[in-house]
Amino acid sequence: MTLWESRLGRSTADEVMTYTASLRFDRRLAVDDLAGSRAHVRGLARGGVLADREAAELLLALDTVAEEIEDGRFAFTESDEDIHTAVERRVTEIAGDVGAKLHTGRSRNDQVATDLRLFTRRALRQVAGEVLALQETLAKRATDAGDAYLPGYTHLQRAQPVLLAHHLLAHGWALARDFDRLVHTVDRLDVSPLGAGALAGSSLPLDPDGVADELGFASRFENSLDAVSDRDFVAEALFDLALLGIHLSRLGEEIALWSSEEFGFVVLDDAYATGSSMLPQKKNPDVAELARGKSGRMVGHLVGVLTTLKGLPLSYNRDLQEDKEPLFDAVDQTVAGLRAVAGMMRSAAFDVQRMQHAADGPTSAAVDLAEWLVQHGMPFRQAHGVVGGLVRDSLERKVPLVELVQAHPALGAEAVELLEPGVAVTRRTTPGGAGPEPVRIQMERFAHRLAVDGERLASASRNR
Ligand code: ARG
């Protein structure tokens, strides 16, 4: 039996239920649906729509439903279209006639919007916590890396040596922006839609402010049409997760490169690598590759939801039911991905020798030579030309660059010292730069940022 049987004389066709029912995925909103119903019942009691005794009976029935769902005893039936109808049906079975009052002044339109906001608030905070955990791992590895260095690349060509700590923290700062975005998205979504009804509010004395307060929302909706139509928070959450996914993808791509024999900069822990079913020698960086691969799916979810929203007239349309599966999947994949990537980064063994050897190539201090000339009075463009000429000469005539530098009238023995292994990286002294001095400061600032963000998340969660 469906809720609308009295209006539509015939029962819904099976294939319609198959196509339209959302219970399969929205049962995940059960906790939030129950929280919303409790707040709604109390609001109705405050307005005098429900007698205190009726409210108490409904709350008791909701508690029973919560227990049944929690320990898996809850029996869903064929006609349960979604979690909202399932809970209401069961409350009515338990509480009898008074159960028929649960949905007073409420629609599934404001109900589902409320549930999904509660879910998203909790889920994004969970993701933010996992982001912090990965950042902490990167910070720890950066600290442990000390003054180890590797080539920094542009165009995937060796450019200038950078500290390994600097490289790791570059990913850490990208994650700091992800954290920030997640927190701000939660701030914006923290608005209760409950009390908007189907689209226009109610003739009954509802208490949307009290209900919002009870659910821990920062405020209630201002416009009932907007309240039931707005899925900005889903799109924003999906954007945040897509960009976070892209950051993991970029990190994953580097780990895949670094763990190749060609680079050999990192050896993954066996627990964070996989083997080949055919090639006995293989050890594959599948976590890194899936961090890269799954980001495509995240972008797909974002584009899918934006496309669903595009052109929808006010207010609620069933199209909006398509918001949930992409969001749930994006959250699940992100949490799983962050944990796997954190484990991979925590356990990976960096081959510092190989990194440094690659960074000590003869040309990696080229710009230092040019800057040395600048410090001795030569205009940069001219210095750039001098060093570029020496590099070309060295390659074409197969003469070591050191010899050419030694012999050059404007350079000589003092400049040769710049080419000594490990010297170039120490010369990156400017704020935010890749050398030991600025990186030490950067690490302090990063640790401070982590502490501040950890407190931000904890205090936001304390206020619900
Ligand atoms: N399952 C629906 C959704 O997720 C619940 C709201 C249904 N409302 C309606 N008027 N049919 O959007």
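The shown structure was predicted, so the numbers you read here are calculated from the model rather than taken from an experiment.

1. Description of the overall build of the protein
In terms of regular secondary structure, the protein is built from 19 helices and six strands. A compact globule built from 464 residues would reach a C-alpha radius of gyration of about 23 Å, whereas the protein, at 30 Å, exceeds it by more than 25%. For the C-alpha atoms alone, the extent of the protein along its principal axes is close to 100 × 50 × 40 Å. Taken across its 464 residues, the protein has 48% of its residues classed as buried. Here the analysis covers contacts within the protein between residues at least 6 apart in sequence; of these, 76% occur between residues at least 24 apart. Of the roughly 22,600 Å² of accessible surface on the protein, 54% is carried by carbon and sulfur atoms. Within the protein, one finds 51 positive and 69 negative side-chain charges whose respective centroids are separated by 2 Å.

2. Let's talk about the nonpolar core
Formed by 93 residues in total, the largest nonpolar core has its most connected members in Leu134, Leu164, Trp258 and Met345. In terms of residue count, helix H6 (residues 108-145) provides more of this core than any other element does, 13 residues in total. In this structure Met345 touches Leu134, Thr137, Leu138, Arg141, Leu168, Leu251, Ile255 and Phe350, once residues within four positions along its chain are discounted. Membership of the second largest hydrophobic core comes to 22 residues, among which are Ala370, Met378, Leu390 and Leu418.

3. Concerning the pairing of strand E2 (residues 157-163)
For strand E1 (residues 149-154) and E2, the ladder comprises six bridges, and the chain directions are antiparallel. Considered in E2, the bridge of Tyr153 is made with Arg158. In this structure, the hairpin formed by E1 and E2 is closed by a connection of two residues, where His155 is found at a positive phi of approximately 55°.

4. Side note on unusual backbone geometry
Of all residues except glycine, most have a negative phi; of all peptide bonds, most are trans. The step from Leu314 to Ser315 runs through a cis peptide bond, and the omega angle for that step is -5°. Structurally, Ser315 can be placed in the loop between helix H11 (286-309) and helix H12 (324-347). Here the phi dihedral of His155 falls at roughly 55°; this positive angle occurs in a residue that is not glycine. With respect to the helices, strands and loops of the structure, His155 is situated in the loop between E1 and E2. Positioned with a positive phi, Lys398 is a non-glycine residue whose angle comes to about 55°. One can find Lys398 in the loop between helix H15 (380-397) and helix H16 (401-407).

5. Quick notes on the site of the ligand
Taken together, the residues surrounding the ligand are Ser22, Asp26, Asp82, His84, Arg108, Asn109, Val112, Tyr316, Arg318, Gln321 and Lys324. Here a nitrogen atom of the ligand sits 3.0 Å away from a polar atom, N or O, in the side chain of Ser22. The side chain of Gln321 places a nitrogen or oxygen atom 2.8 Å from a nitrogen atom of the ligand. The fraction of the free accessible surface of the ligand (340 Å²) that becomes covered by protein chains is 87%. Top contributing element to the shell around the ligand by residue count: H6, with three residues. Broken down by class, the residue content of the shell around the ligand amounts to two nonpolar, four polar and five charged.

6. Thoughts on the pattern of salt bridges
Taken as a whole, this structure holds 36 salt bridges when the rule is applied. Ionic pairing is found between Glu57 and Arg53, a salt bridge with its closest N-O pair at 2.9 Å. Taken as a pair, Glu57 and Arg53 lie in helix H4 (residues 52-70) at a separation of four residues, close to a single helical turn. Accessibility expressed as a relative area gives 30% for Glu57, which makes it partly exposed. Arg53 sits in the exposed class, given a relative accessible area of 56%.

7. So, the environment of Leu50
Here Leu50 is to be found in the loop between helix H3 (30-46) and H4. Sequence separation between Leu50 and Pro151 is 101 residues; the distance between their C-alpha atoms is 71 Å. Excluding residues within four positions of it along the chain, Leu50 makes contact with Val41, Leu44, Ala45, Ala55, Leu58 and Lys101.

8. Here's the deal with the side chain of Asp82
Tracing the chain through its elements places Asp82 in the loop between H4 and helix H5 (83-95). Looking at Asp82, the relative accessible area reads 5%, which means it is buried. One polar contact links the side chain of Asp82 to the main-chain amide nitrogen of Thr85, over a distance of 2.9 Å. Within polar-contact distance, the side chain of Asp82 engages the side chain of Arg108 at 2.7 Å. Every residue in contact with Asp82, bar those within four places of it in the chain, is listed here: Ser22, Leu23, Asp26 and Arg108.

Cut-offs applied
Residues numbered from 1 in each chain as written. Predicted model: local features only at pLDDT ≥ 70, side-chain atom pairs only at ≥ 80, totals over all residues. Heavy atoms only, no water. Helix = DSSP H or I, 4+ residues; strand = E, 2+ residues; numbered from the N terminus. Rg over C-alpha atoms; globule rule 2.2 N^0.38 Å. Buried < 20%, exposed > 50% of the residue type's maximum accessible area, 1.4 Å probe, protein only. Contact = heavy atoms within 4.5 Å. Areas by Shrake-Rupley, 256 points an atom, 1.4 Å probe, with all protein chains shown as cover. Lys, Arg positive; Asp, Glu negative; His and termini not counted. Charge placed at Lys NZ, Arg CZ, Asp CG, Glu CD. Core = buried A, V, L, I, M, F, W, Y, C linked by side-chain atoms within 4.5 Å. Pairing = 2+ DSSP bridges. Near = heavy atom within 4 Å. Polar contact = N/O pair within 3.5 Å; in protein donor to acceptor, adjacent residues only side chain to side chain. Nonpolar A, V, L, I, M, F, W, Y, C, P; charged D, E, K, R; others polar. Salt bridge = Lys/Arg side-chain N within 4 Å of Asp/Glu carboxyl O.

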